[in-house]
Amino acid sequence: MDLDEISVTTLDERVTTFGEWAGKVRLVVNVASRCGLAPQYKALEELQETYGPRGFTVLAFPSNQFLQEYRDADRIAEYCSTTWGITFPVMAKVWVNGRGAHPLYRELTKTADASGKAGRIQWNFEKFLVMPDSAVHRFRPHTLPDDPAIVALIESALTGVR
């Protein structure tokens, strides 16, 4: 399945496709406001500020799969804005595992991480770096957004773009 054809809904209920951000380096992250890993929002926003003007975007997908996200979209939006100053797109809540998993996550989880493991999302803040050529790189939750491996991939894809 072509990732860019998959329908996604923004937190403010605008329906679009993942392809809206085609041609960019896209960092897809399942987020949760009440998770102990939520401070990663800071590094995600810093990546957005640093690389956004050159063709990069973070795409946050709130999920209550692990029972750590607010129910209400307005509360999620307020948390992201007020607590972290988030400027990147935040999508409507999704499931990331199981039969109810969002189609984007059903496709992304086919990608193996550095140790060769594909499949279920382990926890909040799992990351998928989708390159402009559609190659996907997977990073587990405890890999920080500004990890040198992630930054190197972003920079290599944006070489020559100012």
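Residues numbered from 1 in each chain as written. Predicted model: local features only at pLDDT ≥ 70, side-chain atom pairs only at ≥ 80, totals over all residues. Heavy atoms only, no water.

With an unreviewed UniProt entry as reference, the protein is termed Glutathione peroxidase, source organism Sinomonas cyclohexanicum. What the UniProt record of the protein gives under Sequence similarities (unreviewed entry) is the line "Belongs to the glutathione peroxidase family." (UniProt positions renumbered as here; feature names shortened; annotations may be inferred.)

Q: Would you mind going over the overall build of the protein with me for this structure?
A: In terms of regular secondary structure, the protein is built from four helices and six strands. Its helices and strands taken in sequence order, the protein reads β-β-β-α-β-α-α-β-β-α from the N to the C terminus. Over its C-alpha trace the protein gives a radius of gyration of 14 Å, about what one expects of a compact globule, namely 15 Å for 162 residues. C-alpha extents for the protein along the principal axes are approximately 40 × 35 × 30 Å. (Helix = DSSP H or I, 4+ residues; strand = E, 2+ residues; numbered from the N terminus. Rg over C-alpha atoms; globule rule 2.2 N^0.38 Å.)

Q: Explanation requested: the environment of Leu 129 in the structure shown.
A: With respect to the element layout, Leu 129 can be found in strand S5 (residues 127-130). C-alpha separation for the pair Leu 129 and Val 28, spaced 101 residues apart in sequence, amounts to 6.3 Å. Among residues more than four places away in sequence, those in contact with Leu 129 are Val 25, Arg 26, Leu 27, Phe 56, Ala 135, Val 136, His 137, Phe 139, Ile 150, Leu 153 and Ile 154. (Contact = heavy atoms within 4.5 Å.)

Q: Mind showing me how you'd approach helix H1 (residues 40-51) here?
A: The periodicity of an α-helix, 3.6 residues per turn, causes residues three or four positions apart to be oriented the same way. With twelve residues, H1 should cover 16 Å at 1.5 Å per step; its first-to-last C-alpha distance of 17 Å lies within 8% of that length. Those residues of H1 that fall on the buried side of the exposure criterion are Gln 40, Tyr 41, Ala 43, Leu 44, Glu 45, Leu 47, Gln 48 and Tyr 51. (Expected span 1.5 Å × (residues − 1). Buried < 20%, exposed > 50% of the residue type's maximum accessible area, 1.4 Å probe, protein only.)

Q: Just checking my understanding: could you explain the nonpolar core for this structure?
A: Tyr 41, Phe 56, Phe 88, Phe 125, Leu 129 and Ile 154 are the most contacted members of the largest nonpolar core, which totals 31 residues. Those elements that provide at least two residues to this core are strand S3 (25-31), H1, strand S4 (56-62), helix H2 (73-84) and helix H4 (148-157). (Core = buried A, V, L, I, M, F, W, Y, C linked by side-chain atoms within 4.5 Å.)

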